[in-house]
Amino acid sequence: MPIRGINLGGWLVIEPFITPSYFDQFDASEKVVDEYTLCEKLGLEKARQQIQHHYETFITEEDFAKIAMMGFNHVRIPMGHWAVEAIKGEPFVPHLSWEYLLRAVQWARKYGLRVMVELHTAPGSQNGWNHSGKYGQVGWLNGTEGYHNANKTLEIVEKMIKFFDKPEWRDVAPIFGVINEPAIFRIETGKVQDWYRDSHNAIRNMTGAEGGPWLTYHDGFIGLDSWNGFFDLNHYKRVILETHMYLIFDDNLVSMPREKQALFPCTSWHTTLNNSMRYAAPTMVGEFSVATNDCGKYLNGVGLGTRFEGTLQEGSSVKQPVCPNCTCKGSEDWQHWDDDYKHFLNSFLEHQMDSFETSSLGWFFWTYKTEKHINPHWDYSLGWEQGWAPKDVNNKSYQCKRETTATHS
């Protein structure tokens, strides 16, 4: 049975595009753009109040019952490093999210789901994006504190794995994401590979070569084929190479006609994943969505523009829009989407699911919900209610083999 999973994004690590109201309470001039500046601006007590309310209400036991009803078999839960350890000088609310993680794992057990606990952030930030906890510089394996931060990350990972490797937890939490999306193009490849090697060895020294959870390591955006030969499976036991498949960051894919976008997962991505399974390591898609542009509110960050309209500044330059007349106007207004567009979303979604589970170990959709359905292309619960997501992920209408055969006949 392949992994058919859902992410609980934006719950225990707060993300602006999933819960924008926490950021809209401030004027733009205050530059509250991530969980770090949110906690800093609110102060510890006020931050604790708001964040605890969020933890308490955004995901509940009812959601786990619903996720099981939707047919999923796994849940991926992103965690902040501050759940485990308060780092001197950081304003995050420490330890509180750990209590909610344990509650979530118990709910998963109750409804027959398995959990992938995943470290989504690192001291210093492993990618400089807001979902690493702190937007801006990469201070993980970079800069004067880079190695200290990387060593601290490994200590935190070891504590988390040691906990979930206890007999009462290991069956329900069999997969652990060691670090989410290190931006290798902003770090040196060799440094990250060394850290992957060292962390794996340290973890397996603790759990035993054949013990402990499956460990996922992200491809770091350098391409799955860059990892061919790295994970010697005689040495790396129970390791998964994780990748995140998003169409929206490639202008050529964004500008493709819809019917081609819907089938793209069945060809190029399917081949890429097949090759990775064959030449690199067991491979899994840890995140994907149905977005075909980056128009979602705060998707790129608070107060930042979009690639689609050519208003996003990257470095010192602003790219041209994807097309001369590209506009985000109305693109997220799901209440006015017509049936043709909903059918396209359903086709694109199910082709991704089918492609990923027939060419890799499986997948996790990003994400389960967004606040008031603010970003509908990333909101599985809305798609499920409105009909562009399957009622049961084990019973899909679209399959790659059937569609590609029809296309070529």
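Going by the structure above, here's the rest.
Residues numbered from 1 in each chain as written. Predicted model: local features only at pLDDT ≥ 70, side-chain atom pairs only at ≥ 80, totals over all residues. Heavy atoms only, no water.

Just checking my understanding: could you explain the state of the cysteines for this structure?
Two cysteines, two sulfur atoms, one covalent bond between them: this is a disulfide. Counted according to the given criterion, the structure contains 3 disulfides. Linked covalently through their sulfurs, Cys266 and Cys400 form a disulfide whose S-S length is 2.1 Å. Where Cys266 bonds to Cys400 through sulfur, the torsion about that S-S bond is close to -75°, and the disulfide is left-handed. In this pair, Cys266 sits in helix H10 (residues 258–279) while Cys400 sits in helix H13 (residues 400–408), placing the two residues 134 residues apart along the sequence. The exposure classification of Cys266 matches that of Cys400, with both residues buried. A sulfur-sulfur separation of 1.9 Å characterises the disulfide bridge that pairs Cys323 with Cys326. Here the disulfide of Cys323 and Cys326 is right-handed, its torsion about the S-S bond being about 120°. For Cys326, a relative accessible area of 13% gives the class buried. The cystine pairing of the protein chain, numbering bonded cysteines in sequence order, is 1-6, 2-5, 3-4. (Disulfide = S-S within 2.5 Å. Helix = DSSP H or I, 4+ residues; strand = E, 2+ residues; numbered from the N terminus. Buried < 20%, exposed > 50% of the residue type's maximum accessible area, 1.4 Å probe, protein only.)

What is the right way to read helix H11 (residues 339–359) from this model?
Since the α-helix advances by 3.6 residues per turn, residues separated by three or four positions end up pointing in the same direction. With 21 residues, H11 extends 30 Å between its outermost C-alpha atoms, agreeing within 8% with the 30 Å of an ideal straight helix rising 1.5 Å per residue. Counting buried residues in H11 gives 17 out of 21 residues, a clear majority hidden from the surface. (Expected span 1.5 Å × (residues − 1).)

What is the right way to read the nonpolar core from this model?
General note: in soluble globular proteins, nonpolar side chains tend to be found buried as a group. In terms of nonpolar packing, the biggest core is built from 126 residues, with Phe164, Phe231 and Tyr380 touching the most fellow members. With 9 residues, helix H5 (residues 96–110) is the single largest residue contributor to this core. If sequence neighbours within four positions are ignored, Tyr380 has contacts with Ile6, Met70, Phe72, Leu349, Met353, Phe365, Thr367, Tyr368, Ala389, Pro390 and Val393. Listed in part, the 6 residues of the second largest apolar core include Ile3, Met116, Ile175 and Phe364. (Core = buried A, V, L, I, M, F, W, Y, C linked by side-chain atoms within 4.5 Å. Contact = heavy atoms within 4.5 Å.)

Please clarify how the side chain of Asp219 should be interpreted in this entry.
Relative to the elements of secondary structure, Asp219 occurs in the loop between strand S5 (214–218) and strand S6 (239–245). No salt bridge is formed by the buried Asp219; its nearest oppositely charged neighbour, Arg76, is found at 10 Å. Not counting residues up to four positions away in its chain, the partners in contact with Asp219 are Ile184, Leu224, Trp227, Leu241, Glu242 and Thr243. (Lys, Arg positive; Asp, Glu negative; His and termini not counted. Salt bridge = Lys/Arg side-chain N within 4 Å of Asp/Glu carboxyl O.)

How should unusual backbone geometry be read in this particular structure?
Generally, phi is negative for residues other than glycine and the peptide bonds are trans, each holding for most cases. The omega torsion of the bond from Trp366 to Thr367 falls at 15°, within 30 degrees of zero and hence cis. In this structure, His95 is a non-glycine residue whose phi angle is positive, near 70°. Within the secondary structure layout, His95 lies in the loop between strand S2 (74–79) and H5. When its relative accessible area of 41% is taken as the criterion, His95 is described as partly exposed. Despite not being glycine, Tyr298 has its phi angle at roughly 60°, a positive value. For Tyr298, the location among the structural elements is in the loop between strand S7 (283–288) and strand S8 (313–314).

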